[in-house]
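Geometric and topological summary
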Amino acid sequence: MWVYEKKLLHPIKLRETDPFLAKMIITQYGGPDGELGASLRYLNQRYTMPNNSTKALLTDIGTEEMDHMEMIATMVYQLTKNATLKQMEEAGLASHFADHGKALFYVDAGGNPFTVTYIQAKDDPIADLTEDMAAEQKARATYNHLLDFSRQLQYDDVSEVLAFLREREVVHFQRFGEALTQIQDKFLSKK
Amino acid sequence: MQYVKIKPINNAGVREKSDLLRELMELEFAVVEFTMYLDNHPEDMAALATFRDICKQLQEVYKTYVENYGPLRSDDVIDSDKWLWGEQDFPWDSGM
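Glancing now at the layout of surface pockets. In this approach the atoms are scanned with a rolling probe the size of a water molecule, which exposes any empty space left behind. As a volume, the largest pocket reaches approximately 1000 Å³. Taken together, 32 residues make up the lining of the largest pocket; nearest its centre are A:Val3, A:Glu5, A:Thr63, A:Asp67 and B:Glu28. Per-element accounting of the lining of the largest pocket gives the leading share, 11 residues, to helix H4 (residues 52–80) of chain A. Per-class residue counts for the lining of the largest pocket are 19 nonpolar, five polar and eight charged. By volume, the second largest pocket is sized at about 290 Å³. Counting only elements with at least two residues in the lining of the second largest pocket, the list comes to helix H1 (19–25), H4 and helix H6 (94–100) of chain A. Among the elements that take part in the lining of the second largest pocket, H6(A) stands out by supplying four residues, more than any other. When grouped by side-chain class, the residues that make up the lining of the second largest pocket number 11 nonpolar, seven polar and four charged.

This is how it looks when you write it as structure tokens:
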């Protein structure tokens, strides 16, 4: 079960109002390589993993992804909460505002809604873990693109958070790689 | 995890809220990191020992924070008549 702790994984106190940047960052909330997809993918795959250590890893990484999701949401929320309607329009968020006001929603940077077809579960640990490694690389690459924006704008506080999240993807990739190797070794040693 | 830190203390001799919360965040992040490492390397005795030290330190800081500044989980027992869980600010507003 999950228990909620009333704090962020990492502090986020953004000084800027910038709905354009928020529109880009929201892709890590509801986009194809974002934190919602990651948490759902791992937390769903874990049920049919062949051993407890892999069930543990997927549970733990999946849970951290939910922490990340909250951090992305916090950045989008803080970047837009003081925005004027004009600023929202100029940022290309008029349609979003019509449907949601300033509420967050699970969409990518183009406003496309989240779909569960972004993720997969095959009841095959090699397929699942390989997908997970790919997912972490795609997330890392996305953070690189977002950092291009925040660095160009010279928003150091945003860049600091994005860089933290990017580094976590690198670590997760490492962990999934270790788990895949261990499963493959076990499989090969049985032959 | 050894670092020398000057800890701000308020008039009651208790560490400042933001200072405690910052240390709490560091310790909880260390727990997250070590947990997934140990999931893959359960035989690493050194890591396990460090993890236990981190958890002990976390429990102390957590207890001090909650006793002085309010609940972090809804079932944290606080000496207060108020329903602080619902009333105190949420992390996306406070930034912590």
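What follows is about the side chain of A:Ser39. All names here are of chain A. Counting through the fold element by element, Ser39 comes out in helix H3 (residues 35–45). On the basis of relative accessible area, Ser39 is assigned to the buried category, the value being 2%. Excluding anything up to four places from it in sequence, Ser39 contacts Gly62, Glu65 and Met66.

Looking now at helix H2 (residues 45–69) of chain B. All names here are of chain B. If you check H2, its first and last C-alpha atoms are 36 Å apart, about what 25 residues at 1.5 Å a residue would give, namely 36 Å. For H2, the complete set of buried residues consists of Ala47, Phe51, Ile54, Cys55, Leu58, Val61, Tyr62, Tyr65, Val66 and Tyr69. Taken together, the buried residues of H2 touch helix H1 (17–40).

About the thresholds
Residues numbered from 1 in each chain as written. Chains lettered and ligands numbered in written order. Predicted model: local features only at pLDDT ≥ 70, side-chain atom pairs only at ≥ 80, totals over all residues. Heavy atoms only, no water. 1 Å grid on protein atoms, 1.4 Å probe; cavity = no way out; pocket = protein on both sides within 12 Å on 5 of 7 lines; lining within 4 Å. Points joined across faces, edges and corners; volume = space filled by probe spheres on them. Helix = DSSP H or I, 4+ residues; strand = E, 2+ residues; numbered from the N terminus. Nonpolar A, V, L, I, M, F, W, Y, C, P; charged D, E, K, R; others polar. Buried < 20%, exposed > 50% of the residue type's maximum accessible area, 1.4 Å probe, protein only. Contact = heavy atoms within 4.5 Å. Expected span 1.5 Å × (residues − 1).

These results come straight from atomic positions and should not be treated as a statement about function.
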